[in-house]
Amino acid sequence: MLKKSTNIYASIETVDVETARQYLERNNGNRSVNKNRVDNYARDMQAGHWTPGSSIGFFENGELADGQHRLLAVAQSGVPASFVVIRNLPFESKLNHNTGMVQTACASIKMTTGSNMVHGVRVNQASSFVRTIVEIEVGVKAALLTPSELIEKFDLISDALLFIAPYVNSKRKGISAAAIWSAIISASYVTDKQKMSAFCEVFTGKRNAVNACESMVMRFAQLMITTSQTGYLARVEVWLKTQRCIKAFMKGQSLTKFYANEGTVYSLREKLGFPNEK
């Protein structure tokens, strides 16, 4: 029979590296460690984005009940963090720990900002665009951004998000793929804005093509509608083809085929705060 009550109490504690390591010595029988989650927490702590309020729990026998990833992040980052520390939890309370739905980064951002929109674009779309840019330009693992990091990146490209907002929020099947719009976002910083607007209007079907170059954009949009490619390599291919199409449009060229062998044409690596490759 489960216990109905226990002498539970809580306090606010600032946990430093040594204390975190001591608490982790009491970590027995917990779930497997998710290294990506520890890395994410540690980056937020090092960047000063970690905020008080999350909790760490201990059972009546002193063993760690909840909080191993947060404590590992403190130990890894070397930065003390404040937690609500709950003690004397009945061991049966483990039945209720971490059994609910995991809160996504987008849900956290919506709760924090009180809005479903960021710089004119829906949060889930903006998140997908930024993650795709980072995934392709920096590396797959770098796309595991925390909510704080995502908000920071949103602000760094706020003008580009505002630029694409009228187009990306329009309804048309098949052309809202993150790889396409992240490529357009990147190109918007180094190309003629008026021409980029024309590209987006034709691409999204807001107006018909008036010349061969614009007809090329319509063909490309149709190709993107009918494609069913998925996965990382497919996203890279779409990203590169989109940038190649934009480059041709800017030069007044009309491509008959869309290749992905030219490499990245428009990069946002430095704009988003990542150092250029040496």
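Here, every reference points to the structure presented above.
S.K.: When you look at the pairing of strand 4 (residues 81-89) in this model, what are you seeing that I'm missing?
M.R.: In summary, the side chains of a regular strand alternate between the two faces of the sheet. Both strand 1 (residues 9-15) and strand 4 contribute to a ladder of seven bridges, which runs antiparallel. Within the sheet, the bridge partner assigned to A10 lies in strand 4 and is I86. Direction of pairing for strand 2 (residues 55-59) relative to strand 4: parallel, over a ladder of four bridges. The residue of strand 4 that forms the bridge with I56 is V85.

S.K.: Where do I start with the nonpolar core in this structure?
M.R.: Within soluble globular proteins, side chains that are nonpolar generally end up buried alongside one another. Counting residues in hydrophobic clusters, the biggest one holds 58 residues, and the most contacted among them are F129, I164, I184, I185, F199 and M216. Considering each element in turn, this core owes the most residues, nine residues, to helix 11 (residues 232-250).

S.K.: Explain helix 8 (residues 178-187) here, please?
M.R.: The periodicity of an α-helix, 3.6 residues per turn, causes residues three or four positions apart to be oriented the same way. Helix 8 sits mainly inside the fold: 10 of its 10 residues count as buried. Of all the positions in helix 8, only A178, A179, I180, W181, S182, A183, I184, I185, S186 and A187 are classed as buried.

S.K.: I keep staring at the packing of helix 5 (residues 123-137) against helix 8 and nothing clicks. Help me out?
M.R.: Relative orientation and spacing of two packed helices are given, respectively, by the angle between their axes and the distance between those axes. Closest axis-to-axis distance for the helix 5/helix 8 pair is 8 Å, and the angle between their directions is 80°. The angle between the axes of helix 5 and helix 8 places the two elements in the roughly perpendicular class. On the side of helix 5, the interface is formed by S128, F129, T132, I133 and E137, while helix 8 contributes A178, A179, W181, S182, I185 and S186. Of the residues in the contact of helix 5 with helix 8, the class split is six nonpolar, four polar and one charged.

Parameters at a glance
- Residues numbered from 1 in each chain as written.
- Predicted model: local features only at pLDDT ≥ 70, side-chain atom pairs only at ≥ 80, totals over all residues.
- Heavy atoms only, no water.
- Pairing = 2+ DSSP bridges.
- Helix = DSSP H or I, 4+ residues; strand = E, 2+ residues; numbered from the N terminus.
- Core = buried A, V, L, I, M, F, W, Y, C linked by side-chain atoms within 4.5 Å.
- Buried < 20%, exposed > 50% of the residue type's maximum accessible area, 1.4 Å probe, protein only.
- Axes fitted to C-alpha atoms, helices over the stretch in contact; angles between N-to-C directions.
- Parallel < 35°, antiparallel > 145°, perpendicular 65-115°, else oblique.
- Contact = heavy atoms within 4.5 Å.
- Nonpolar A, V, L, I, M, F, W, Y, C, P; charged D, E, K, R; others polar.

All quantities given are derived from atomic positions and should not be read as evidence of function.
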